[in-house]
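Structural overview for review
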Amino acid sequence: MSGRHAASEAPRHEALVDELVPVEESLVRAAYRLISSKGIERTTLQDIADAAGVSKALAVYYFKTKENLLLAAIRWVLARVAERMTNALSSVEDPEERVRVMLDTIFVDPRRNRDFYLAYTALIGEAARNARFNELNTTFRSIMNASYADLVRAGEQIFVFDSVEEAAMGVRALIDG
């Protein structure tokens, strides 16, 4: 997968959604919190199990490995972000209002944004060394780039640019820093 998709072939946020039973969701949420506070390398299966209030054996039963659980946690938060963006923008037509809605959706509050970007930075770091993390990062990036490209296309009458894809990457760079 190249990471550069036309809007029609980009994956949708549903590509990130996994159905979780309650104990899996508890483990995934605990893992996300720990990734945000300790990072991937320093987070152990035992830490996650303790934070979720279950045994380590139960974590292994559901996810088999630490890597699987960490991937599920990051996939869970990425799915929530992508879904929130899709839902927020779906009913807004005015290009300027779409920009405001997008920014309000992305920048929820300082703590949640901090947690998300710490987890996302951990994903990027792992993606450089691990194909499974790289695939997840590529999928999320494609989904978000498609959202940004749709935003840019909606503003073609207002804004001047040479390429929708280049403008979308510019929007992403402004947001992600």
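Think of each chain on its own: its residues are numbered from 1, step by step along the sequence as written. With pLDDT at 70 or above as the cut-off, local features in this predicted model cover only qualifying residues; side-chain atom pairs require 80 or more to be listed or tallied, and sums for whole chains, interfaces and linings still use all residues. Note that water and hydrogens are dropped before the side-chain values are worked out from all heavy atoms of the structure.

Description of the overall build of the protein
Convention followed: Strands here mean DSSP runs of E at least two residues long; helices mean DSSP runs of H or I at least four residues long; both are numbered from the N terminus. Remark: exposure states derive from per-residue accessible area (1.4 Å probe, protein chains only) relative to the maximum for the residue type, with buried under 20%, exposed over 50%, and partly exposed in between. Contacts between residues were defined by any pair of non-hydrogen atoms, one from each residue, lying within 4.5 Å. Per-residue accessibility takes into account occlusion by the displayed protein chains alone, with areas from the Shrake-Rupley method and a 1.4 Å probe. Lys and Arg are tallied as positive, Asp and Glu as negative. Neither His nor the chain termini are counted. In this description, the location of a charge corresponds to atom NZ of lysine, CZ of arginine, CG of aspartate or CD of glutamate.
Check the secondary structure of the protein and you find 8 helices and 0 strands. Along the longest, intermediate and shortest principal axes, the C-alpha atoms of the protein span 55 × 30 × 25 Å. Per-residue burial for the protein yields a buried fraction of 44% across its 177 residues. Of the contacts formed within the protein by residues at least 6 apart in sequence, a portion of 68% connects residues at least 24 apart. Approximately 9600 Å² of the protein is accessible, and the part contributed by carbon and sulfur atoms is 52%. Separation of charge centres in the protein, based on 22 positive and 26 negative side chains, amounts to 8 Å.

Things to note about the packing of aromatic side chains
What counts is decided by this rule: Each Phe, Tyr or Trp ring, with Trp reduced to its six-membered ring, pairs with another whose centre is within 6.5 Å; inter-plane angles below 30 degrees give stacked pairs, above 60 give edge-to-face pairs, and intermediate values give tilted ones.
Using the criterion set out here, one finds 6 aromatic pairs in the structure. An angle of 85 degrees between the planes, with centres 5.0 Å apart, marks the rings of Tyr61 and Tyr62 as edge-to-face. On the basis of relative accessibility, which here comes to 56%, the residue Tyr61 falls in the exposed class. For Tyr62, a relative accessible area of 30% translates into the label partly exposed. Ring pairs connect the aromatic residues Phe116, Tyr117, Tyr120 and Phe140, which therefore count as one cluster.

A closer look at the pattern of salt bridges
Here is the rule we go by: Whenever Lys or Arg places a side-chain nitrogen within 4 Å of a carboxyl oxygen from Asp or Glu, that contact is recorded as a salt bridge.
If you walk through the whole model with that rule in mind, you get 7 salt bridges. Residues Arg29 and Glu25 are paired through a salt bridge, measuring 2.9 Å at the closest nitrogen-oxygen approach. Placement of both Arg29 and Glu25 in helix α1 (residues 22–38) is noted, with a separation of 4 residues, approximately one turn of the helix. Overall, the relative accessible area of 35% leaves Arg29 in the partly exposed class. A relative accessible area of 27% means that Glu25 is categorised as partly exposed. Three or more residues joined by partner-sharing salt bridges are found here, namely Arg111, Arg114 and Asp115.

A few points about helix α6 (residues 110–127)
We apply this condition: Here a helix's expected span is defined as the number of its residues, less one, multiplied by 1.5 Å. Here a polar contact is taken to be a pair of N or O atoms separated by no more than 3.5 Å, where protein atoms must pair a possible hydrogen donor with a possible acceptor and residues adjacent in sequence count only if both atoms sit in side chains.
Helix length check: α6, at 18 residues, gives a terminal C-alpha distance of 25 Å against a target of 26 Å (1.5 Å per residue), a fit within 8%. Among all positions in α6, only Asn113, Asp115, Phe116, Ala119, Tyr120, Ala122, Leu123, Glu126 and Ala127 are buried. Where the residues of α6 are buried, they touch α1, α4 (66–89), α5 (95–106), α7 (131–154) and α8 (164–176). Two to three positions downstream of the cap, the backbone nitrogen of Arg111 sits 3.1 Å from a side-chain oxygen, assigning the N-cap of α6 to Asp109.

Points about the environment of Arg98
Here Arg98 is to be found in helix α5. Each C-alpha atom of the pair Arg98 and Gly155 lies 9.1 Å from the other, and the pair is 57 residues apart in sequence.

Taken by themselves, the reported measurements are silent on function.
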